[in-house]
Amino acid sequence: MLDISPHMLSVIPFGIICGAIGVELGFNPYLVYAMSFIIFGGASQIVFLQLLSGGASSFVAITSVGIINSRHLLYGAVLSEYLDKLSLIKKLLISYVIVDQGFAESNKFFKKNRSEEYLHYHLIGTGCTMWVCWQIATLSGIILGSFVPEELGLKFAIPLTFIAIVVQDLKKIDHVIVMITCGLSSLLFFEAPFKSYIIISPVIALFVASLLLRLKK
Amino acid sequence: MTLVSIIFAGILTYFTRMTMVALISRDMLGDKVKAVLEYVPSAVFPAIIFPGIFINDFGTFIEMNDPKIFGALVAVIVGYFSKNIIATILAGLVSYWFLIFVIFS
């Protein structure tokens with residue numbers, strides 16, 4: 001609880017924005033909330049709604065959620081070392097609450113307390129706290145969103161949110177190159193059918209990233 | 001229809017969370033793949049940022065003096081130094097509102 005509490009400051013407003021944007025984009029409030037329960041991944045929920053509202057096919061929207069959330073594979077790979085002894089059922093349940101912030105804090109905690117036996121309770125704690133915050137925040141956003149006038153242009157909060165997420169990586173030149181590659185290709189392929197630029201650009205950018213990795217060695 | 005897509009997206013997301021923990025042993029994912037996965041945020045999110053700023057609701061490029069460009073620049077600067085997600089979003093929104101409601105109106 002205590003380890004994760006600083007993240008509430010960002011997760012709660014982020015959830016409110018996510019809920020409000022969903023309503024602003026014209027989606028049924030129940031569907032916007034259902035996403036928080038079913039997908040439970042902030043950034044991917046916003047992208048999903050934005051793509052569908054812009055006329056993307058469901059296939060493209062679902063695929064982009066998969067790409068955005070593929071980072072969980074990395075978290076899982078790191079965490080599995082500490083969760084090895086748990087039963088399959090426990091592993092399956094615990095997986096649902098793995099989120100960025102919970103991973104970051106629990107991973108720090110695990111490294112410090114390698115020898116303890118009940119480490120996974122820390123992950124359950126951070127994950128469930130984030131889950132509850134996220135549900136309450138998106139719900140409040142959905143309610144608030146119905147009062148926000150359209151002239152405010154709340155949609156602009158979408159790119160701003162993602163700027164906030166990646167801005168610290170501007171310190172690393174390799175990340176900057178990957179970001180520019182992705183950004184420019186998204187503009188270049190913006191007219192591609194079914195909004196597929198959202199998939200084409202990350203693929204190109206990840207290819208550039210793997211080239212960069214090769215150069216580094 | 002949208003609900004069905006949401007459910008599919010949810011299942012896919014759950015799989016990304018669960019696969020490495022429950023199904024495969026961790027050594028299956030090579031160091032190379034892990035290193036590339038580190039770049040996922042940088043490789044994905046600019047595809048939302050760039051069009052969100054440079055392309056308007058009608059699908060055409062904006063002018064260079066558009067308030068969104070200014071708002072985004074403010075957000076980058078504030079975000080870089082404050083390391084605070086909410087401060088970043090608010091700084092961008094407020095400067096954008098200042099331009100559209102005070103300067104351009």
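Residues numbered from 1 in each chain as written. Chains lettered and ligands numbered in written order. Predicted model: local features only at pLDDT ≥ 70, side-chain atom pairs only at ≥ 80, totals over all residues.

This brings us to the overall build of chain B. Assigned secondary structure in chain B consists of six helices and zero strands. Secondary structure elements of chain B, listed N to C terminal, follow the sequence α-α-α-α-α-α. Relative to the compact-globule value of 13 Å for 105 residues, chain B shows a C-alpha radius of gyration of 20 Å, a clear excess of over 25%. Counting only C-alpha atoms and orienting by the principal axes, one finds that chain B spans roughly 60 × 40 × 25 Å. Residue burial in chain B is summarised as follows: out of 105 residues, 41% are buried. Long-range pairs, those at least 24 residues apart, make up 27% of the contacts in chain B between residues at least 6 apart in sequence. (Helix = DSSP H or I, 4+ residues; strand = E, 2+ residues; numbered from the N terminus. Rg over C-alpha atoms; globule rule 2.2 N^0.38 Å. Buried ≥ 20, exposed ≤ 12 C-beta atoms within 10 Å, placed from the backbone. Contact = placed C-beta atoms within 7 Å.)

The secondary structure content of chain A amounts to 11 helices and zero strands. For chain A, the succession of helices and strands along the chain, N to C, is α-α-α-α-α-α-α-α-α-α-α. Here the C-alpha atoms of chain A give a radius of gyration of 19 Å, agreeing with the 17 Å that 2.2 N^0.38 yields for 217 residues. Reported as C-alpha extents along the three principal axes, the dimensions of chain A are approximately 55 × 50 × 30 Å. Burial statistics for chain A: of 217 residues in total, 48% are counted as buried. Taking the intrachain contacts of chain A between residues at least 6 apart in sequence as the baseline, contacts between residues at least 24 apart amount to 74%.

Next up on the list: the confidence of the model for chain B. All names here are of chain B. Per-residue confidence for chain B gives a mean pLDDT of 88, with 94% of residues at or over 70. Taken element by element, the predicted model of chain B shows its lowest mean pLDDT in helix α2 (residues 31-37) (84) and its highest in helix α5 (residues 67-82) (96). The ipTM, which scores confidence in the relative placement of chains, is 0.89 for this predicted complex, and the corresponding pTM is 0.82. (pLDDT = per-residue confidence, 0-100.)

So, about the packing of helix α3 (residues 42-53) of chain A against helix α4 (residues 58-69) of chain A. All names here are of chain A. Between α3 and α4, the shortest axis-to-axis distance is 9 Å and the interhelical angle comes to 160 degrees. On the basis of their axis angle, the class for α3 and α4 is roughly antiparallel. As α3 runs across α4, the sense of the crossing is right-handed. Residues Ala43, Ser44, Val47, Phe48, Leu51 and Leu52 of α3 form the contact with α4, whose own contacting residues are Val60, Ala61, Ser64, Val65, Ile68 and Asn69. A per-class count over the contact of α3 with α4 returns nine nonpolar, three polar and no charged. (Axes fitted to C-alpha atoms, helices over the stretch in contact; angles between N-to-C directions. Parallel < 35°, antiparallel > 145°, perpendicular 65-115°, else oblique. Left-handed = near helix turned anticlockwise from the far one by under 90°. Nonpolar A, V, L, I, M, F, W, Y, C, P; charged D, E, K, R; others polar.)

Right, let's talk about the domain arrangement of chain A for a bit. Residue and element names in this part refer to chain A. Domain boundaries in chain A define domain 1 (1-154) and domain 2 (172-217). The gap between the C-alpha centroids of domain 1 and domain 2 is 24 Å. No other element matches α4, which puts four residues into the side of domain 1 that touches domain 2. Among the residues making up the side of domain 1 that touches domain 2, the classes are represented as four nonpolar, five polar and no charged. (Domains from an automatic or database assignment.)

To continue, consider helix α9 (residues 157-166) of chain A. The element α9 of chain A is largely enclosed, with a buried count of 10 among its 10 residues. Listed in full, the buried residues belonging to α9 of chain A are Ala157, Ile158, Pro159, Leu160, Thr161, Phe162, Ile163, Ala164, Ile165 and Val166 of chain A.

Our focus in this paragraph is the interface of chain A and chain B. Facing the 74 residues of chain A at the interface are 58 residues of chain B. A breakdown of the residues in the side of chain A that touches chain B according to their chemical character gives 52 nonpolar, 18 polar and four charged.

Moving on, we come to the environment of Thr16 of chain B. Along the chain, Thr16 of chain B falls in helix α1 (residues 2-23). Under the C-beta neighbour-count criterion, Thr16 of chain B is labelled buried, with 24 such atoms within 10 Å. Residue contacts for Thr16 of chain B: discarding those within four places in its chain leaves Gly66, Asn69, Ser70, His72 and Leu73 of chain A.

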